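# Structural characterization, general
Next come the chains, spelled out residue by residue.
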Amino acid sequence: MSWVSGFAVYFIIWWVTLFVVMPFGLKTQEEDGDVTLGTTASAPKGPHMRRAALRATLISLLVFALLYVLTRQLGYSFEDIPSFIPDFQ
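Structure report, in brief. (Residues numbered from 1 in each chain as written. Predicted model: local features only at pLDDT ≥ 70, side-chain atom pairs only at ≥ 80, totals over all residues. Heavy atoms only, no water.)

### A word on the pattern of salt bridges
In total, this model carries 3 salt bridges according to the counting rule given. In this structure, Asp32 engages Lys27 in a salt bridge whose closest nitrogen and oxygen atoms are separated by 3.9 Å. Here Lys27 falls in the partly exposed class, since its relative accessible area comes to 44%. Here Asp32 makes a salt bridge to Lys45, at a shortest N to O gap of 3.7 Å. (Salt bridge = Lys/Arg side-chain N within 4 Å of Asp/Glu carboxyl O. Buried < 20%, exposed > 50% of the residue type's maximum accessible area, 1.4 Å probe, protein only.)

Have a look at this one:
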């Protein structure tokens, strides 16, 4: 895997992870009891994207490291997936 394709895979993992961790730790205006006029009660209370981006970065680093170890160090590929699934016949 070249560094360009590695960066592309990492970016895709990071982007998906960002949307997974974005709701964690989110406090809505309704939960805080201070709904700003003209906004919905379910709107976030304050900025939380920096924490979400940091969480996404750390988790995606772990996922990418696991993917790297499985593909580069242990030699697994997508063709090996059928051998992991047991045949129940």
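There's more to say after this.
### Description of a nonpolar patch on the surface
Side chains of Trp3, Val4, Phe7, Phe11, Ile12, Trp15, Val16, Phe19, Val20 and Phe24 sit close together on the surface and give an oily, nonpolar patch of about 1,200 Å² of accessible area. In this fold, Val4 is placed in helix H1 (residues 3-21). (Patch = residues over 30% accessible without salt bridge, like charges linked within 9 Å, V, L, I, M, F, W, Y side chains within 5 Å. Areas by Shrake-Rupley, 256 points an atom, 1.4 Å probe, with all protein chains shown as cover. Helix = DSSP H or I, 4+ residues; strand = E, 2+ residues; numbered from the N terminus.)

### Concerning H1
In this model, H1 (19 residues) spans 26 Å end to end at C-alpha, consistent with the 27 Å of a helix rising 1.5 Å per residue. The inward-facing, buried residues of H1 abut helix H3 (49-73). (Expected span 1.5 Å × (residues − 1). Contact = heavy atoms within 4.5 Å.)

### What to know about the packing of aromatic side chains
Inspection of the entire model under this criterion finds 4 aromatic pairs. A centroid spacing of 5.9 Å and a plane angle of 85° characterise the contact between Tyr10 and Phe64, whose relative ring orientation is edge-to-face. Separated by 54 residues along the polypeptide, Tyr10 in helix H1 and Phe64 in helix H3 bring together distant segments of the chain. Look at Phe64 and you get buried, because its relative accessible area is 18%. Three or more aromatic residues link up through ring pairs in this structure, and these residues are Phe11, Trp14, Trp15 and Phe19. (Phe/Tyr/Trp six-rings, centres within 6.5 Å; stacked < 30°, edge-to-face > 60°.)

These results come straight from atomic positions and should not be treated as a statement about function.
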